[in-house]
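The residues making up each chain are set out below.
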Amino acid sequence: MRFRAACNLFVRALVPALVLGALAFTSVAAQDRTEGASLSFSSAHYRVGERLTYNVSYSSFISAGYVELLVAARGTFFGREGMQLKGHVETKGTVNAAVLALNNDYITYVDPNTGLPFHGQQFIRAASRTSDTSADFNQPAGAAALAPGRVREFPGVYDLLSAVYRIRALPLKENSTYYLTMRVENTDYQVEVKVTGQEVVKTNVGSFNTIVSRIWVKNGSDSYGMKAYFSGDDRHVPVLVSARHATGEIRAELAASEFIATPPLPPASSPTPVAANPSTPRLPVAIPAQPSAPNDGALSGLPFKVGEQLNYQVYLPSIKQPVATASFQVRARSKYFDKDGLLFNLTAQTTNALQHLFFATDTIVTYVDPKTLLPFQAEHNLIEGRRRSNTKLTINQDYGTATTDKNVRIEIPVGTHDYLSFFYALRTFNLNPPRRNAVSILVDNKPKTLFISALKRETIQLGSQTIPAIQISLTTDDAQSDKFQLRAWISDDARRLPLRLAAVTELGPVRAELAILPVTRQ
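All values reported here derive from a predicted model rather than from experimental measurement.

## Some thoughts on the overall build of the protein chain
Part 1 of the reasoning: What the protein chain contains, in helices and strands, is four helices and 29 strands.
Part 2 of the reasoning: Burial status across the protein chain gives 52% buried among its 522 residues.
Part 3 of the reasoning: For the protein chain, long-range pairs separated by at least 24 residues make up 53% of all intrachain contacts whose partners lie at least 6 apart in sequence.
Part 4 of the reasoning: Split by element, the accessible area of the protein chain, about 24,100 Å² in all, is 51% carbon and sulfur.

## Examining the pairing of strand 26 (residues 465-476)
Part 1 of the reasoning: Of the pairings in the sheet, the one linking strand 25 (residues 446-462) to strand 26 comprises 12 bridges and is antiparallel in character. Residue pairing for strand 26: F451 is matched across the bridge by T475.
Part 2 of the reasoning: Taking the residues that link successive antiparallel strands as the turn, the strand 25-strand 26 hairpin has two residues, and the phi of G463 there is positive, at about 65 degrees.
Part 3 of the reasoning: Bridge count for strand 26 against strand 27 (residues 486-491) is six bridges, and the pairing is antiparallel. Residue I472 lies in a different strand from strand 27, and its bridge partner there is A488.

## Looking at the nonpolar core
Part 1 of the reasoning: The biggest cluster of nonpolar side chains holds 46 residues, and the ones touching the most others in it are F328, F344, F422, I452 and I472.
Part 2 of the reasoning: The residues contacting F344, other than those within four sequence positions of it, are F304, Q329, V330, I364, V365, T366, V368, L373, L420, S421 and Y424.
Part 3 of the reasoning: V56, L100, V110 and L160 belong to the second largest nonpolar core, which has 23 residues in total.

## Focus on the packing of aromatic side chains
Where two aromatic rings form a pair, the distance of their centres and the angle of their planes describe that pair.
Part 1 of the reasoning: The tally for this structure, following the rule as stated, stands at 14 aromatic pairs.
Part 2 of the reasoning: Between F77 and Y109 the ring centres are 4.9 Å apart and the planes differ by 45 degrees, which places this aromatic pair in the tilted class. Note that F77 is positioned in strand 3 (residues 61-77) and Y109 in strand 5 (residues 103-110), a separation of 32 residues in sequence.
Part 3 of the reasoning: The exposure class of Y109 is buried, given its relative accessible area of 0%.
Part 4 of the reasoning: Members of the aromatic cluster, each reached through a chain of ring pairs, are F304, Y312, F328, F344, F423 and Y424.
Part 5 of the reasoning: The aromatic ring of F259 is capped on one face by R47, whose charged end is 4.1 Å from the ring centroid.
Part 6 of the reasoning: Against the face of F451 rests R436, its NZ or CZ located 4.2 Å from the ring centre.

## Remarks on the pattern of salt bridges
Part 1 of the reasoning: Per the counting criterion, the structure on display carries 17 salt bridges.
Part 2 of the reasoning: For E308, the salt bridge identified is with R427, shortest N-O distance 2.9 Å. Here the residue E308 occupies a position in the loop between strand 14 (248-259) and strand 15 (309-316), and R427 occupies one in the loop between helix 4 (419-425) and strand 24 (436-443), the gap between them amounting to 119 residues. The pair formed by E308 and R427 is uniform in burial state, with each residue classed as buried.
Part 3 of the reasoning: For D482, the salt bridge goes to R487, with nearest N and O atoms at 3.0 Å.
Part 4 of the reasoning: Sharing partners across several salt bridges, the network here consists of E50, R168 and R235.

## A word on the environment of K173
Part 1 of the reasoning: As for its placement among the helices and strands, K173 is situated in the loop between helix 3 (160-168) and strand 9 (177-184).
Part 2 of the reasoning: C-alpha of K173 to C-alpha of I211: the two residues are 38 residues apart in sequence and 8.5 Å apart in space.

## Some words on the confidence of the model for the protein chain
Part 1 of the reasoning: For the protein chain, the mean per-residue pLDDT works out to 77, and 75% of the residues sit at or above 70.
Part 2 of the reasoning: Considering each helix and strand of the protein chain separately, the mean pLDDT is smallest for helix 1 (residues 2-13), with a value of 36, and largest for strand 27, with 96.
Part 3 of the reasoning: Counting contacts from residues 1-38, a segment whose pLDDT is below 50, to residues more than four positions away or on other chains yields 151 contacts.

## Topic: the pairing of strand 20 (residues 387-396)
Part 1 of the reasoning: Looking at chain direction, strand 19 (residues 375-384) and strand 20 are connected through eight bridges and run antiparallel. Note on strand 20: the bridge partner recorded for H380 is T391.
Part 2 of the reasoning: Hairpin remark: strand 20 followed by strand 21 (residues 401-404), antiparallel, with four residues in the connecting loop; positive phi at G400, about 70 degrees.

What counts and how
Residues numbered from 1 in each chain as written. Predicted model: local features only at pLDDT ≥ 70, side-chain atom pairs only at ≥ 80, totals over all residues. Heavy atoms only, no water. Helix = DSSP H or I, 4+ residues; strand = E, 2+ residues; numbered from the N terminus. Buried < 20%, exposed > 50% of the residue type's maximum accessible area, 1.4 Å probe, protein only. Contact = heavy atoms within 4.5 Å. Areas by Shrake-Rupley, 256 points an atom, 1.4 Å probe, with all protein chains shown as cover. Pairing = 2+ DSSP bridges. Core = buried A, V, L, I, M, F, W, Y, C linked by side-chain atoms within 4.5 Å. Phe/Tyr/Trp six-rings, centres within 6.5 Å; stacked < 30°, edge-to-face > 60°. Lys NZ or Arg CZ within 6 Å of the ring centre and 35° of its normal. Salt bridge = Lys/Arg side-chain N within 4 Å of Asp/Glu carboxyl O. pLDDT = per-residue confidence, 0-100.

In structure tokens form, the structure reads like this:
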């Protein structure tokens, strides 16, 4: 329960600095108590198309969840000019399965001249509850919102998203202190933000000169402290937020910062997003359509796009229910470790149907070159029975080396893949039977040669659908080259979707099938 409490605290307390995972709207009234500080509004922090992605880690869990922030649009909403801000919070892996299941979306419309919100919506999808709520903020538009008040008063009432962006717009001068009152689910928290100095912070995106702020969140006798690091430029991007708890450190680290193309709005649009209604009649099932990502062009020529998520269910012949699930995601293209890269993420875990025999929960994050799909950085967090492994790997494809986080150097052939990069590279191969391909792949930190043989075209049954597919075999250069009888069925179309994977393991024959999702009426 302490782990759950820590995650809840993290989700609730860091809203002013970064995270939007609180379970209710936040009302914020702020006042600068430092003499001479200017609280003038700057629209530089509301550039349309700015998308920030954060990886959330907890203790030894390097990828407990993620947060995305987006300045989505500027236009006419609900009868007045405004900016549309969007936020998404989602937990992953063990944290999602056993501690705190979140998959929340937030939308806020703010005045472009003041940053004050006039309409907000939130869609909560947690394990214990699902809710869709909206709120109107009866605040005047434009300069009228800045009604005279106390000297240097930070006027207005803010919700989650608008508070994050408005705090970024503060001067954040050294030795300045700012005070906020934050309301979460009808509970008021007193928040103190004190700028303490400057520091260089290294992240996956690069190194930043940052403004260091110490944040205290107080409610009665309860007090929680954390640090926030904002980029030292005019944008004040939250680069890192960290909080220490008795059960481990919680960190939200910038994973990607980019400006993306956003679709134009229809004239005088007044969108009112509506969450999916569970009672909506279902149409015949279909393979999940590939989502339209704002930066599709960045992956030109590849059979997948940023935003694609493929979910699999794993079966054993003696158990009717799925014994495990796996989710593959194509995340943002951005600059990682000073390189242009594409982020792949895999989360896999056993279900209750198997956990009495064997427990596993694995998370793999791989950064690849977007042109070659070869990996240059990988992070593996594996929990399989009594085995625990948390490793990082830096791969130099030019020199044919891979170096672990313990400085162990591994000689590899140039062009070596890891598990996750191979999953996506496979979809780009020529798979016309009887074509045979070969790649080098790292298995337990040892390079192996993997042969991909296109066997035949056939039609397979997946759910209620009959789908044309290409069957392939995966064999190695070991003495027992087909020991695990690895087979895969790839869709015979432009997307080259892995539809079914099969193997023979110590638990018997295992198969993983792509989840077939219901299509609701649009």
